[in-house]
Structure formats: structure tokens, C-alpha cells
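An overview of the molecular structure
Here are the chains, one letter per residue:
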Amino acid sequence: MPLSLPRRFSRPTLRLLRTVELFCREHLALQPGTHLLLAVSGGADSSALAVILHLLAPRLGLILHAASINHGLRAEAADDAAFARDLCCGLGIPCKICVTDAGRYADEKRVGIEEACRLLRYSLLEKERQACGADGIALGHHVGDLSEDVLLRLVRGTGWPALGGMAARDDARHLLRPLLAVKTEALRTLLVECGIAWREDSSNADQRFTRNRFRHRILPLLRNENPSLERSLFHLWHLARLDEAFWERRLDNLLAATPWRKDALGIELPAVLLRDLPPAARLRVYMRAIHALQQDKEGGHTPCGQARADALLALDTALSQGRGNTCFQLPGRLEARIVKGAILFRRTAER
């Protein structure tokens, strides 16, 4: 049955819709005719995502489909997925339910249940994106999720500009985050105004999971110190994106003028490329090479954190001091070796 939405909205809701529309145009660069697959769980954030994009679809020229993932971990998971499907159908958005067994996948891959759910969710969404011919996958991450992500990256030792948090547009994985500039409170206010209920995922209160501990313990303490924490971290995110765009263009130009050499074993950064670069540029070239090697592997996962930062800083120090035939071990079964002023990044054999 079609949902009956208000003909007029409150000023806060109109501001919310305008914020998301501008974000879609400026940060996501959505063009008329863009086909999106919405990831809808039935929770408040993804339910609001479906409502907002439904309302904005005529203005932005969007074509919408949706998918809901049932990981098979909770007794109410099937009901949540059915709720998501019914909500989308009420909005005129076709929705498919994808069922999987995250517990068994975690055992098979020997990963934690959080990681198993993440890997399965993105894999299933990508398959459904291809099946329905969508250009991208729209996720319900908001500025509160961004705050959690920045702090998690900080604790794990992530460097700049990745420290700024998740990307609004990830073209490599076809991911889009239209709600990244808005608060979850605004999303819930919209749903209440529309008379739309939502489902609460009981696992979101389980503090055995790292992200939940940050959400329920650490972020409230930081908000007590700075009530504008989300705004501050969003500004950090924006600055990180500007820096990232600048360095990506510069690296493209550097590598176009002096390309690296890539073969089946790895990547060689020639001495002539590295010789006159400042440390900031050299470190980014190292990271570009590591990303290129990791993206050749299944899933494109790139390890991050303090261990890699220590190794890369030590590598750069050795290069600047003219030390040769020095080898450095990197996370992700990689090694870097200095040979006559060049650096060879190679994969190491799995044990």
C-alpha cells in the first residue's frame, strides 16, 4: 500500500532535505538519470535514507531500487528485512531481501562477526547493484557514524588524510553516503513527522563490539567536552577531502612524468622519481604503490595503522640517508627494499 506522506514539512525537515540535496549535488556529483541501489535495514537511518531519496528523486532525477540484508544472526532479522521491504514498496521503490549466514562465513574465513557482516553486506549489495543495473549503492551513514569512524581510525593509527573518515563517494566500490552531513536526530524527526516507525537492531547495544563501545561510552564523554563535536569532525572530514584531492592530482602528474614499473611481483619506484621529492610527497607515493598492490588482491583491503606508519617512516629515513639493500616488512604480507636509490615493493609468500 502506498505511504501517505505529509504535503508540507516543518522547517527543520525542509532544511534537512535541502542539506542532503546540496550534498548530493556538490560532494556526490549525482547527475540526472543516476540509478541508485539503497541499502535499507529497517533501522531509523536507512529508513530515513529511503524516504529522503524518494522525496528528492524528482529534483535530482534519480532512479531507485533497494536491498535489505538478513545476516541470520538475530531472531527478529527476518521481520526487520520484511519491514524494510514493505517500507520501500510503500514508497514505490522495488526492494529485494538477501539472506546469508554471517556466523558460518565468520567461521570459514576466521574473522570476527563484525568483519564477516561487513564483508558479506558489501559483497551482496554489489551483486544486487549489478543485477539491477544501478550506478551506485547508497548507504545511510550520517555525521554520527562519521564521528565514530574518525575516532576508530585515530585509535588504529591511521594517517592523514584517511584520518578524516569514510569517503562520501567511493567509486572503487560504487558506494555513496548522501546523509554524511546530517545528524541522526534530524533523520528520526523526519520519520516521526511522516508517521513512519523503524526497527531497533538489538545488536547495536552490545558493547562487545568496538564500534558500540565508542558510540555508547567514548563519544558521549567527548560531546560533554565539545557539544559541537560532530560539526568539528565534519569540518575535519571536509579538509581531509580537499587535501586528498590535491595530493591525488599531484601524484597523477608525478607518475605521468616518471612512471613506476609494475610486474607480477610488485612495483618499483625509480630513483629519479624519488630523488627530489619532499618527504610528504614520497610517503604518499609509497602509499599509492601499496594501495595498487593491495587492490590486486581479493576485496582490495588495505591494512592501516601505526605498524605501517612506523615502517614507512623508517623506510623514508633510510632512503634519505642513502642506505641501500635495506628491507622493511609491511602489514599485508608486503616488503619494501631500497636498491640503488629505488624502492621495490613486493608481496611476500604466505606461510
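Above this text you will find the structure in question.
So, here is what we can say about the structure in this document.

About the criteria used
Residues numbered from 1 in each chain as written. Predicted model: local features only at pLDDT ≥ 70, side-chain atom pairs only at ≥ 80, totals over all residues. Heavy atoms only, no water. Pairing = 2+ DSSP bridges. Helix = DSSP H or I, 4+ residues; strand = E, 2+ residues; numbered from the N terminus. Salt bridge = Lys/Arg side-chain N within 4 Å of Asp/Glu carboxyl O. Buried < 20%, exposed > 50% of the residue type's maximum accessible area, 1.4 Å probe, protein only. Disulfide = S-S within 2.5 Å. Expected span 1.5 Å × (residues − 1). Bend = angle between axes of the 7 residues up to and from the residue. Contact = heavy atoms within 4.5 Å. Right-handed = clockwise from strand over helix to strand, strands pointing away.

Here we look at the sheet that holds strand β5 (residues 169-170)
Strand order across the open sheet formed by 6 strands is β3-β2-β1-β4-β6-β5, with mixed pairing between neighbours. Both edges of this open sheet fall to β3 (95-99) and β5, since each of them pairs with a single strand only. Note that strand β1 (residues 35-39) and strand β2 (residues 63-70) share 5 bridges and pair parallel. When the sheet's bridge partners are listed, Ala 39 is paired in β2 with Ala 67.

Notes on the sheet that holds strand β7 (residues 261-262)
To summarise the sheet geometry, strands pair through backbone hydrogen bonds and adopt either a parallel or an antiparallel arrangement. The 5 strands are arranged β7-β8-β11-β10-β9 in an open sheet whose pairing can be described as antiparallel. Two strands lie at the open edges of the sheet, namely β7 and β9 (326-330), each paired on one side alone. Pairing between β9 and strand β10 (residues 334-339): 5 bridges, direction antiparallel. Each residue of the ladder has a partner; that of Gln 329, found in β10, is Glu 335.

So, the pattern of salt bridges
Counted under the stated rule, the structure contains 25 salt bridges. Glu 21 is the salt-bridge partner of Arg 25, the closest N and O atoms lying 3.0 Å from each other. Residue Arg 25 and its partner Glu 21 are both found in helix α1 (residues 11-26); the two are separated by 4 residues, about one turn of the helix. A relative accessible area of 4% places Glu 21 in the buried class. Here Arg 74 ties to Asp 80 by a salt bridge, and the two come within 3.0 Å at their closest N and O atoms. Of the residues examined, Arg 74 reaches a relative accessible area of 23% and is grouped as partly exposed. The exposure class of Asp 80 is buried, given its relative accessible area of 5%. Taken together, the shared-partner salt bridges in this structure form one network comprising Glu 148, Asp 149, Arg 153, Arg 211 and Arg 215.

Observations regarding the state of the cysteines
One pass over the full model with this rule turns up 0 disulfides. No disulfide involves Cys 95; its nearest neighbouring cysteine sulfur is the one of Cys 88, lying 4.3 Å away. Unpaired in terms of disulfides, Cys 132 finds its nearest cysteine sulfur in Cys 98, a separation of 10 Å. Using a relative accessible area of 19% as the deciding quantity, one classes Cys 132 as buried.

What to know about helix α8 (residues 210-225)
The end-to-end C-alpha distance of α8 is 22 Å, a good match for the 22 Å that 16 residues give at a rise of 1.5 Å each. Helix geometry: α8 is bent most strongly at Ile 218, by close to 35 degrees, with proline Pro 220 lying one to four residues after it. Where α8 is concerned, the buried positions are Asn 212, Phe 214 and Leu 219. Tucked into the core, α8 has its buried residues touching α6 (143-156) and α9 (229-257).

A look at the pairing of β2
Burial analysis of β2 places 6 of its 8 residues in the buried class, the great majority of the element. As for the winding sense of the linkage, the β-α-β connection from β1 through helix α2 (residues 44-60) to β2 is right-handed. Pairing geometry for β2 and β3, over 5 bridges, is parallel. Note on β3: the bridge partner recorded for Ser 68 is Ile 97. Read as a crossover between parallel neighbours, the route from β2 over helix α3 (residues 77-90) to β3 is right-handed.

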